[in-house]
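Below, each chain spelled out in residue letters.
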Amino acid sequence: MTNRLKAAVTTPIAAILCLAGCAASGPSAALPAAAEPEPLAYTVDLTDRSEDTFKVLLRVDDLGSENAIYQFASTAPGTYQVMDIGRYVRRFEAVDASGAIIPSEQVSTNQWRISRPEDVVEIRYELAETWDTPVEEHPVYLMAGTSIEDDHVQINGQAVFGYPTGMQSRPLRIQVVRPDEWIVGTALERDTAGWYRADNYDHVVDSPILTGTLSVASLDVRGTAVDIFTYSKTGAVKSEQILEAVRDILTAAADFLGELPVDRYAFLFHFEDVSMGAWEHSYSSTYTFAEADFAMLLQQGLASIVAHEFLHIVTPLNIHSEIIEQFNFVAPTPSEHVWLYEGATEWMAQISQVRGGVIDPETYLARLSEKLRADDGYDPEWSISDMSLRSYSAKGQREWGNIYQRGAIVAGLLDLEILSRSQGRRGLREVLLELAATYGPDTAFGEAGFFDEITAMTYPDIRPFFERYIRDTEPLPLSELFAHVGVEYIPELRTGEMEPSFNVQVGVQGDRLTFVGVGEVAAACGLTAGDVLLAMDELEVTLATAQQAFTTLHMLGADEPFVLTVMRGEDKVELTCAKQLVERVDRHVLRFDPEATPEQVALREAWLTNLPLPHARP
Ligand SMILES: [Zn+2]
């Protein structure tokens, strides 16, 4: 996943193509062999979009007492957040063969108990969309939620479907009834009757569906069929544009991997009025961005986010712990290894670009510096293990974004550590590819022993690295490790250049921004930490308009007045502020040392190259 919330405000930010009418309904011609249980058969009717609810019908007639609890998801893999989908259920009915309602009751947030499960032939329920349904806490990430509109619907499996307890591993068939002209983007494959098939509930959750008025574009990336499906509210963003923007970056990602472990992949883009981020799956990923000028979207890092989600096919898809393998939809269970799933993935997304020639090495260093500066905005006492293990808490959600910053930096340092010890013969990429070959999609590593396992695969002296920089918060060995590749790390570089400054740090609180750090210039106009930003001049500032406000602020010169309206406790306060000229001090500068030794230069070349893979993966 990529959560752009924090970044957006602190820095200026094979699918089956199913054309009209291809989902013919009717009995399946491909029924399973007699010994297998009948798949759970779901119908979701998108032609009835009244009340912004999903009308879901499940046909199942072999429930026993052990299946009496119908379960909705409490969370979903890769989101690291509480979802409690039961909160969105508006109606729940179990029905017997005579059409009579069988009494059932909600027994916890996400569970309904059916009184006579053996009599059930149908379960019908209605679920509100997550996008437009207010909740008091734990809002579901937009890219992981559901939306129902006149011209499109976004389905994330865990937010529409549930399962009878004990049947999480049973195959499913899903009929998506929809307007004839709607296109469907999903990685799910259809059976001969036009129903989407899934191996089990986890597979449905792993396979979002975007349907509606979409544009479509396809490309081949080193033999993998890639389809791009785009919903854009005004039609401003087209799949074809995205395709051109991501072609090189996907090729670089494929070359980084040596060989792609999937034969098809679907990108599902949603452009409306809010930017939030993206969510990865095994054969697809979903993206939620505000519609904007395409150049602006690229500036917000759209292409890098695409690389990030795509590279998740390494981890967690092909390298994951037992906690991810047997995913617990009943109660959120954290894994310590998000440093790998998210941190190493973000590292791969960036370094694959420099190794593939998409960006130059100086740009790569600049992006690392940006991540180090972003890390400064988070709690320094929170270790990367804390980000992993405590992500489901409110504080955890605030610190979560740092997994893409410090998490990626630490993965990069681990790469340098392995690279220098192996004299440039092997780095983190090679270790990850070995792990992917060892484990793959169906085998999990042990949660507790994983650091020891990587140590055993590499060097005994690497073991303390995990304790110091992942489990603990020791200062990162930036100078020491970057020196191996002839890169200088300068914590603060005085430039001598004067520039207009209004130094503040903001955090997100609900739909609003709060000032969490206030520098001297901002304090001079009366701003204090804790003020909640309501408006800048005439612009009401919400998450949706934050980018616009920060762009405006960025463009202002020194002494040009602007008015900030803030909420301070119960009071609304108007402050007239202006930027002032101050010396620019660049923090966390990384630059190539022109006097690097031949050894440093040699290791630098190994660092910026995809090393030859001695053992081709099976
Ligand atoms: Zn991710």
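Owing to the predicted nature of the structure, the values given are computational and were not obtained by experimental measurement.

Asker: How would you summarise the confidence of the model for the protein chain if you had to cite specific residues and measurements?
Answerer: Where the model shows low pLDDT, its predicted coordinates should not be examined in detail. Looking at the protein chain as a whole, the pLDDT averages 91, with 94% of positions reaching at least 70. In the predicted structure, residues 5-33 sits below a pLDDT of 50 and forms 85 contacts with residues beyond four places in sequence or in another chain.

Asker: Give me the lowdown on the state of the cysteines, citing residues and values where you can.
Answerer: Tallied over the entire structure, the rule returns one disulfide. Disulfide partner of Cys-525: Cys-577, at an S-S distance of 2.0 Å. Between Cys-525 and Cys-577, the disulfide has an S-S torsion of 75° and is therefore right-handed. Of the two residues, Cys-525 sits in the loop between helix H16 (520-524) and strand S26 (532-536) while Cys-577 sits in strand S29 (residues 571-577), which places them 52 residues apart along the sequence. What makes Cys-525 buried here is its relative accessible area of 16%.

Asker: Could you give me a rundown of the pairing of strand S7 (residues 104-108), with the residues and numbers involved?
Answerer: Here four bridges tie S7 to strand S8 (residues 111-114), and the two strands are oriented antiparallel to one another. For Gln-106, the partnering residue across the bridge sits in S8 and is Trp-112. Linking two consecutive strands that pair antiparallel, namely S7 and S8, is a turn of two residues.

Asker: Quick rundown of the sheet that holds strand S4 (residues 69-71)? Include the residues and the values.
Answerer: One open sheet accounts for four strands, arranged S7-S8-S4-S12; its pairing is antiparallel. Looking at strand neighbours, the two that pair on one side only are S7 and strand S12 (163-164), the edges of this open sheet.

Asker: Got a sec to walk through the pairing of strand S21 (residues 277-280)? Specific residues and values, please.
Answerer: Neither face of S21 is left uncovered, since the one carrying Gly-277 and Trp-279 and the one carrying Ala-278 and Glu-280 both have all their residues buried. Of the strand pairs in this sheet, S21 and strand S22 (residues 284-290) are connected by four bridges, and their pairing is antiparallel. Along S22, the bridge assignment pairs Glu-280 with Ser-285. Once S21 ends, the chain turns through three residues before running back antiparallel as S22.

Definitions and limits used
Residues numbered from 1 in each chain as written. Predicted model: local features only at pLDDT ≥ 70, side-chain atom pairs only at ≥ 80, totals over all residues. Heavy atoms only, no water. pLDDT = per-residue confidence, 0-100. Contact = heavy atoms within 4.5 Å. Disulfide = S-S within 2.5 Å. Helix = DSSP H or I, 4+ residues; strand = E, 2+ residues; numbered from the N terminus. Buried < 20%, exposed > 50% of the residue type's maximum accessible area, 1.4 Å probe, protein only. Pairing = 2+ DSSP bridges.

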